[in-house]
Amino acid sequence: MTFLRILPWQALLALVLCATALLNLPLVVTDAGAAAGTAWPIMALLAAAALLPLLRLPRLFEAAFLFVAVHAAAWLLIAAIAGNEGGATASFFALVAASWLLAWRLVTVLSRMRPRARGLDILLRLLVPALFGVWLLILWEAIVRGAGIPFILLPPPSLIGLRIANSLPILAADVQQTIFKAVLVGYALGCAAGFAVAILADRYMFLRRGLMPIGNMVSALPIIGVAPIMVMWFGFDWPSKAAVVVIMTFFPMLVNTVAGLAAAGAMERDLMRTYAAGYWQTLFKLRLPAAAPFIFNALKINSTLALIGAIVAEFFGTPVVGMGFRISTEVGRMNVDMVWAEIAVAALAGSIFYGVLALIERAATFWHPSVRGG
Amino acid sequence: MTDRLRDKIIPVTAILAAIVVAWYAGSYAMNAPFQRDLDRRAGVTSTTWEFVAKTMSQPKPTLPAPHQVAVNFVENTFFRKLSSNRSLVYHAAVTLSSTVLGFAFGTILGIAIAVCIVHVVTLDRSLMPWIITSQTIPILALAPMIIVVLAAVGITGLIPKALISTYLSFFPVAVGMVKGLRSPELTHLDLMHTYHASPGQVFWKLRVPASVPFLFASMKVAVAASLVGAIVGELPTGAVAGIGSKLLSGSYYSQTIDMFAALVAGSVVAVLLVSLVGLAGRITERVMGGRPA
Amino acid sequence: MMTVKRAYSLEACIGAETDLTADTVIRAKGLDLTFQTGDGPVHALSNVDLDIGKGEFVSFIGPSGCGKTTFLRVIADLEQPTGGTITVNGMSPEEARRRRAYGYVFQAAALYPWRTIEKNVALPLEIMGVSAAEQRERVKRTLDLVNLSGFEKKFPWQLSGGMQQRASIARALAFDADLLLMDEPFGALDEIVRDHLNEQLLELWARTNKTICFVTHSIPEAVYLSTKIVVMSPRPGRVTDVIVSTLPKDRPLDIRESPEFLAIAHRVREGLRAGHSYED
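**Q** Run through the overall build of chain A, naming residues and quoting values.
**A** For chain A, the helix and strand inventory stands at 16 helices and 2 strands. At 27 Å, chain A has a C-alpha radius of gyration far larger than the 21 Å of a compact globule built from 374 residues. Principal-axis analysis of the C-alpha atoms gives chain A an extent of 80 × 55 × 30 Å. Every one of the 374 residues in chain A was classed for burial, and the buried ones make up 46%.

Encoded structure:
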């Protein structure tokens, strides 16, 4: 039984699951009671992928074969269940589990690779989490369709994708209203105000001592609760949402900037003193550059807060456009796929916003140990 | 003590006083147009002081004066039966229960995920990027859907709200805990290596103690997030109970004083929760023999 | 550039008026400094009398806590004395600092990581309002002086510790102050690099004829570099001995094996031992 020792546990378990699937055929039962879908090609693919380590191929070949086999199996499984939702038998789920285990095996193999070439390493670092995300979607799709969960409760990713493709104009209008008006305006105003007050607080010790404890406390408060009040004051359109965003982003910027301005070392400050440098010279040449990592941290925290603030504020009243408006009304109509589409767009927007900030940060604080990796 | 008075108490009190003064000024400025309109229609002329007093005693002001909010808050907190629908203690307790439940789940889940990520390379490389990315996503947008979908399958009440709180609070804990478990310096790890310590021993004797400050710091963030989750989770349920529903019903009927009082109640709950977590952290660190900071 | 020039002409006037101080750069009389700390007062400097003349290379040596760094910081107006008087170029330390009378080199290089080496050296010049062309010329000259030509565009973290410290010396030299204050500048470097930098520093001192105050805790370093060695002892920080070196100005590294060198080193060691109480 030497092969037991050579095979990884995922492969062994996958083989066991394939065997169980064999005993419980057919794969899928249609509404009419007939068997649907052919299990054989799927099982052959999976068994071959599981037994692959016995051949002792180079890692790269093993990974490549696993990649093709598990995704082909997953595609065949979903193709078999599509149209026969809810008709999955135990064998279907056994094969889904087997292919997931082999995908896990694939990710393990890829995680252990340490390629010398820099480009290849970056590719791997992107590929591994991407595979994780793809398999999350595959399992979601297979389980929702296999178990026959009503699409009205939890639509499969394919339907959400279809919905996104079919409602691009609506989504674009919502993004325009929520992100390009409320979020960006509020974010810019809130961050600028927080920064300006931080400089003031830095200049006047009394102000700093009074504001900092308050600022730190406010960051723990559910500020989002001011949303209904802002809607009442500034009306249904985007200015009220921008106001919420201003309030939410102000304090993180204030607290982080003040902390950052204190970050310059004692020796560096003494150096400026020996040059008899003035307050503004010290600020611009030493303390602001030293504070940059803190300021970018606040900018990044605020990017998420701004989106949350604008979307939640729209739950309290909007004109008939906007991401928060769409989410709350479509939930009411039980158009859950539209809600998911909107959430996917919000997630994408949030990631892009954050990613752009992170790129600017890398360029601006290239000297910081966390960026240059030293 | 005098240092504390000079460095903290006086400046904070001064700033708070300035905020209250600005608030009064703001409430006069924002309520005056409506009051003027009212007076003109009623044909009333009043002295300046009478007019100022009137702007600060409207039943539904645009911006209620601080004392109006304070009176409302005190009345609804201390002088209402706990079962009353107007009792802020009742609403706060409803929100608090789902916050605490969600926070407890979230913390346990976050720690578990962090332990897995630190020990399994595959998870570190595949799951960690998603945890970081998911922090950039407005997760709160999911809240109404979770509530409605769970209600459709018959799950209502505490659990859906607690789930949202769990969801919001496990991210900070997981990220903070991963950082904490990885915080021991290389020399400390090398020292354990020279003792031929087992992975379990390294974990319990080095990684866990090193991670405690990180854990409590992230738990403070998590409990605040958890409260926000619970409040937002109360919005789509049609304003039944809780601080969130109080805010929503206040906005339906323009009861600004009620809304501000509910906001104050939410803030009090937040401060209490964060202070409690902070206190627990300090006690734990003292028991573990940490330096008093 | 204008401001720097004006500062020096003024200083020359003051020097002419008070003939006594013409050759004295630093004059301390009965200098006292007590820090108030959480554990009660710490007597960092007690009744320090010291004169430092133009062109001298003075080392301050002693165990930690003896106030040698504190004394340097008082000269630089980074600490205020609580008693006694001190003048720098005949003025108060604050006035001297405002006139950019000295360059200061810290224990660590303290280069700004977001600036290239040439930008770091140009930093004091930017603050003092020197024209861009003049800046370029001076940066080039001072980097030449510390043998760092060719590294202008590098960032500090791309250089070795010794090179970083050389860059920080260049930065202190860039604005041509006649006084150089150095606080254990080579303390964090290994012995081989240190020897090399000591040699270069002596060469630089000979070429520029600056007055240098140098804090160290290494006896060989103090003896090798100095024309005058100030031995200090702690609790309270005070001067226990001032040794005037008899070594010639031209000093190859192997002078450290000569009997004369060893005799001075011995006297320094004796001074340190006498000032050091063994009760702790």
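Picking up where we left off.
**Q** Would you mind going over the overall build of chain B in detail, with residue names and values included?
**A** When helices and strands are tallied, chain B shows 12 helices and 0 strands. Reading chain B from its N terminus to its C terminus gives the helix and strand order α-α-α-α-α-α-α-α-α-α-α-α. Against the globule reference of 19 Å for 293 residues, chain B gives a C-alpha radius of gyration of 25 Å, more extended than a compact globule. Each principal axis of the C-alpha atoms in chain B carries an extent, and together these give about 90 × 60 × 35 Å. Relative to all contacts within chain B whose residues are 6 or more apart in sequence, the contacts with residues 24 or more apart total 76%.

**Q** Talk me through the arrangement of the chains; I want residue IDs and the actual numbers.
**A** Ranking by contact count across 2 pairs of chains in contact places chains A and B at the top. In this structure chain B stays clear of chain C, and the shortest span between their C-alpha atoms is 12 Å.

**Q** Describe helix 6 (residues 161–173) of chain C, with residues and values.
**A** Residues and elements named next belong to chain C. Compared with an ideal rise of 1.5 Å per residue, which puts 13 residues at 18 Å, helix 6 spans 19 Å between its outermost C-alpha atoms and is within 8% of the ideal. Burial analysis of helix 6 places 11 of its 13 residues in the buried class, which makes it a mostly covered element. Looking only at helix 6, the buried set comprises Met163, Gln164, Gln165, Arg166, Ala167, Ser168, Ile169, Ala170, Arg171, Ala172 and Leu173.

**Q** Describe the domain arrangement of chain A, with residues and values.
**A** Domain boundaries in chain A define domain 1 (2–149) and domain 2 (165–372). Between domain 1 of chain A and domain 2 of chain A, the C-alpha centre-to-centre distance is 42 Å.

**Q** So, the sheet that holds strand 4 (residues 83–88) of chain C: which residues are in play, and what are the values?
**A** All names here are of chain C. Pairing within the open sheet is antiparallel, and its 3 strands lie in the order 2-1-4. A single partner strand is all that each edge strand has here, and the edge strands are strand 2 (40–53) and strand 4. Geometrically, the sheet is characterised by an average inter-axis angle of 20° between neighbouring strands, direction not taken into account. By the bridge criterion, 10 bridges tie strand 1 (residues 24–37) to strand 2 in an arrangement that is antiparallel. Considered in strand 2, the bridge of Leu33 is made with Leu45.

**Q** Outline the pairing of strand 7 (residues 211–216) of chain C, listing residues and values.
**A** Every regular strand shows the same layout, with side chains that alternate between the two sheet faces. Residues and elements named next belong to chain C. In terms of burial, strand 7 is largely enclosed, as 6 of its 6 residues are buried. Burial along strand 7 is two-sided: Thr211, Cys213 and Val215 and Ile212, Phe214 and Thr216, pointing in opposite directions, are all buried. Across 5 bridges, strand 3 (residues 57–61) lies against strand 7 in parallel orientation. Its bridge partner being in strand 7, Ile61 is matched across the sheet by Thr216.

**Q** Explain the interface of chain A and chain C to me, using residue names and the numbers behind them.
**A** Across the contact, 16 residues belong to chain A and 18 residues belong to chain C. Elements with a minimum of two residues in the side of chain A that touches chain C: helix 12 (266–274) and helix 13 (279–314) of chain A. At 6 residues, the largest contribution of residues to the side of chain A that touches chain C is made by helix 12 of chain A. Residue composition of the side of chain A that touches chain C, grouped by class: 8 nonpolar, 3 polar and 5 charged.

**Q** Any chance you could break down the confidence of the model for chain A for me, citing the residues and the numbers?
**A** Segments scoring low in pLDDT should not have their predicted coordinates read at a detailed level. Predicted confidence across chain A gives a mean pLDDT of 87, with 97% of residues reaching 70 or more. Per-element averaging of pLDDT across chain A places helix 1 (residues 2–6) of chain A at the bottom with 67 and helix 8 (residues 168–203) of chain A at the top with 93.

**Q** Which residues make up the domain arrangement of chain B, and what are the values?
**A** Taken as a whole, chain B is organised into domain 1 (2–63) and domain 2 (88–287). The distance between the C-alpha centroids of domain 1 of chain B and domain 2 of chain B comes to 37 Å.

**Q** Could you give me a rundown of the packing of helix 14 (residues 323–332) of chain A against helix 7 (residues 143–152) of chain B, with the residues and numbers involved?
**A** What describes two packed helices is the angle between their axes and the distance between those same axes. Where helix 14 of chain A meets helix 7 of chain B, the closest approach of the two axes is 9 Å, and the angle between their N-to-C directions is 5°. Compared by their axis directions, helix 14 of chain A and helix 7 of chain B come out roughly parallel. Residues Ile327(A), Ser328(A) and Val331(A) of helix 14 of chain A lie in contact with helix 7 of chain B, whose contacting residues are Pro144(B), Met145(B) and Val148(B).

**Q** Hey, could you go over the nonpolar core for me, with residue numbers and the actual values?
**A** Counting residues in hydrophobic clusters, the biggest one holds 210 residues, and the most contacted among them are Val244(A), Val245(A), Leu181(C) and Cys213(C). Per-element tally for this core: the top contributor is helix 13 of chain A, with 16 residues. Leu46(A), Ala94(A), Leu102(A) and Ala142(A) belong to the second-largest nonpolar core, a separate cluster that totals 46 residues.

**Q** Can you lay out unusual backbone geometry for me, pointing to particular residues and giving the numbers?
**A** All names here are of chain C. A cis geometry characterises the amide bond from Arg235 onward to Pro236, with omega recorded as -10°. Mapping Pro236 onto the fold places it in the loop between strand 8 (228–233) and strand 9 (238–244). Even without being glycine, Arg100 reaches a positive phi, approximately 50°. If you trace the backbone, Arg100 turns up in the loop between helix 3 (93–98) and strand 5 (102–105). Of note, Ala110 is a non-glycine position whose phi angle comes to about 50°, a positive value.

**Q** Outline the interface of chain B and chain A, supporting the account with residue identities and numerical values.
**A** Listed per partner, the contact involves 48 residues of chain B and 47 residues of chain A. Of all the elements in the fold, those that place two or more residues in the side of chain B that touches chain A are helix 1 (2–42), helix 5 (121–126), helix 6 (128–134), helix 7, helix 10 (199–233), helix 11 (243–252) and helix 12 (256–287) of chain B. For the side of chain B that touches chain A, the leading source of residues is helix 12 of chain B, giving 8 residues. Counted by class, the side of chain B that touches chain A contains 33 nonpolar, 12 polar and 3 charged residues.

**Q** Before we move on, could you go through the environment of Asn24(A) and cite the residues and values that matter?
**A** All names here are of chain A. Among the secondary structure elements, Asn24 is positioned in the loop between helix 2 (9–23) and strand 1 (28–29). Given 15 C-beta atoms within 10 Å, Asn24 falls into the partly exposed group. Through-space distance from the C-alpha of Asn24 to that of Ser91 is 5.3 Å; in sequence the pair is 67 residues apart. With near-sequence residues (within four places) excluded, Asn24 lies in contact with Thr89, Ala90, Ser91 and Ala94.

**Q** Can you lay out the pairing of strand 8 of chain C for me, pointing to particular residues and giving the numbers?
**A** All names here are of chain C. Where burial is concerned, most of strand 8 is hidden: 5 out of the 6 residues are buried. Relative to strand 8, strand 3 is paired through 4 bridges, and the arrangement is parallel. Paired with Val58 across the two strands is Lys228, which belongs to strand 8. With 6 bridges connecting them, strand 8 and strand 9 associate as antiparallel partners. Across the sheet, residue Lys228 finds its bridge partner in strand 9, namely Val244. Adjacent in sequence and paired antiparallel, strand 8 and strand 9 are bridged by 4 residues, among which Arg235 carries a positive phi angle near 50°.

**Q** Just give me the short version of the sheet that holds strand 3 of chain C, but keep the residues and values in it.
**A** Residues and elements named next belong to chain C. Pairing in this open sheet of 6 strands is mixed, and the strands run 5-6-7-3-8-9 from one edge to the other. The sheet is open, and its two edges are formed by strand 5 and strand 9, each paired on a single side. Put simply, the sheet's adjacent strands are angled 15° from each other on average, direction ignored. Along the sheet, helix 6 makes contact with strand 5 and strand 6 (179–183), crossing strand 5 at roughly 165°.

**Q** Give a description of the packing of helix 4 (residues 88–119) of chain B against helix 11 of chain B that names residues and reports values.
**A** All names here are of chain B. One way to put it is that helix 4 packs onto helix 11 with a least axis distance of 7 Å and a crossing angle of 125°. One element, helix 4, and the other, helix 11, form an angle in the oblique class. For the pair helix 4 and helix 11, contact is made by His91, Ala92 and Thr95 and by Ile243, Gly244 and Lys246, respectively. In terms of residue class, the contact of helix 4 with helix 11 is built from 2 nonpolar, 3 polar and 1 charged.

**Q** Can you break down the confidence of the model for chain B residue by residue, with the values?
**A** Per-residue confidence for chain B gives a mean pLDDT of 84, with 96% of residues at or over 70. Predicted complex metrics record ipTM = 0.84 and pTM = 0.82.

**Q** Tell me about the environment of Leu197(C), and please be specific about residues and values.
**A** Residue and element names in this part refer to chain C. For Leu197, the position within the fold is in helix 7 (residues 191–208). Note: C-alpha distance between Leu197 and Val146 (51 residues apart in sequence) is 9.2 Å. The residues touching Leu197, leaving out its near neighbours within four places in the chain, are Gly162, Gln165, Arg166 and Phe186.

Calculation notes
Residues numbered from 1 in each chain as written. Chains lettered and ligands numbered in written order. Predicted model: local features only at pLDDT ≥ 70, side-chain atom pairs only at ≥ 80, totals over all residues. Helix = DSSP H or I, 4+ residues; strand = E, 2+ residues; numbered from the N terminus. Rg over C-alpha atoms; globule rule 2.2 N^0.38 Å. Buried ≥ 20, exposed ≤ 12 C-beta atoms within 10 Å, placed from the backbone. Contact = placed C-beta atoms within 7 Å. Expected span 1.5 Å × (residues − 1). Domains from an automatic or database assignment. Pairing = 2+ DSSP bridges. Axes fitted to C-alpha atoms, helices over the stretch in contact; angles between N-to-C directions. Nonpolar A, V, L, I, M, F, W, Y, C, P; charged D, E, K, R; others polar. pLDDT = per-residue confidence, 0-100. Parallel < 35°, antiparallel > 145°, perpendicular 65-115°, else oblique. Core = buried A, V, L, I, M, F, W, Y, C linked by C-beta atoms within 7 Å.

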